[in-house]
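Okay, here's what each chain looks like letter by letter:
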Amino acid sequence: MTTTDRTPEKTPKMGLAYTPTPGLLLVKMGRAAERGFTEELKPTGLTPRHMGVLFEVDARPTSQQALIESIGVDPSKLVGLLNDLEADGLIVRRRDPDDRRRHIVELSKEGRSKMGAAKQAASRVEDRLFAGLDAKERKQLLALLAQVADSSGVLEGCVQLLRLSA
């Protein structure tokens, strides 16, 4: 019978019985992040999906179609999210003056105010998730994740957006 060499150097530091692939680790981190965001956002009345829409619209007023593509959500689900946000007075949908068939979605004054609370909640979650990284490592992680997201098509233009915000 062969025994497995379980020296401390070979034991995963993450407390798992196996060494996960990067993809599986991202899935686990994504679930932990979503749980953290859901909990932190409760006082604001927002969900992580609401926050995703608000962050996109805060970056630039955009059409509903562009939101569907950038967020990667089913059109019927986006309409429900937008209805929630509009009912709470956080966004405004207006006709595009250049194309009356399109709606442009933008933050309202109340939406901008709520964004402050959402950004603070996001910061608290990220501080917990990335507590083991210093500022330089966090910046490096963001750049690497953006590169992976961009090259895989998960977030179209993610690297370009990072370059604009740098």
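It should be emphasised that the depicted structure is a prediction, and the values quoted were computed from it without experimental measurement. (Residues numbered from 1 in each chain as written. Predicted model: local features only at pLDDT ≥ 70, side-chain atom pairs only at ≥ 80, totals over all residues. Heavy atoms only, no water.)

Trainee: When you look at the nonpolar core in this model, what are you seeing that I'm missing?
Mentor: Soluble globular proteins: nonpolar side chains tend toward being buried together. Ranked by internal contacts, the top residues of the largest apolar core, which has 24 residues, are Val53 and Leu54. Put simply, the parts of the chain that give this core at least two residues each are α1 (22–41), α2 (48–59), α3 (64–71), α4 (75–87), β3 (99–107) and α5 (109–129). Among the elements that take part in this core, α5 stands out by supplying five residues, more than any other. In contact with Val53, not counting residues within four places along its chain, are Leu67, Ile71, Leu78, Leu81, Leu82 and Leu85. (Core = buried A, V, L, I, M, F, W, Y, C linked by side-chain atoms within 4.5 Å. Buried < 20%, exposed > 50% of the residue type's maximum accessible area, 1.4 Å probe, protein only. Helix = DSSP H or I, 4+ residues; strand = E, 2+ residues; numbered from the N terminus. Contact = heavy atoms within 4.5 Å.)

Trainee: Can you help me understand the sheet that holds strand β2 (residues 91–96) in this one?
Mentor: Either a parallel or an antiparallel arrangement is found when strands of a sheet pair, and the pairing is made through backbone hydrogen bonds. Spatially, three strands are ordered β1-β3-β2 in an open sheet, and the strand pairing comes out antiparallel. In this open sheet, the two edge strands, each paired with only one partner strand, are β1 (62–63) and β2. Both β1 and β3 contribute to a ladder of two bridges, which runs antiparallel. From the neighbouring strand, Ser63 faces β3, where its bridge partner is Ile104. (Pairing = 2+ DSSP bridges.)

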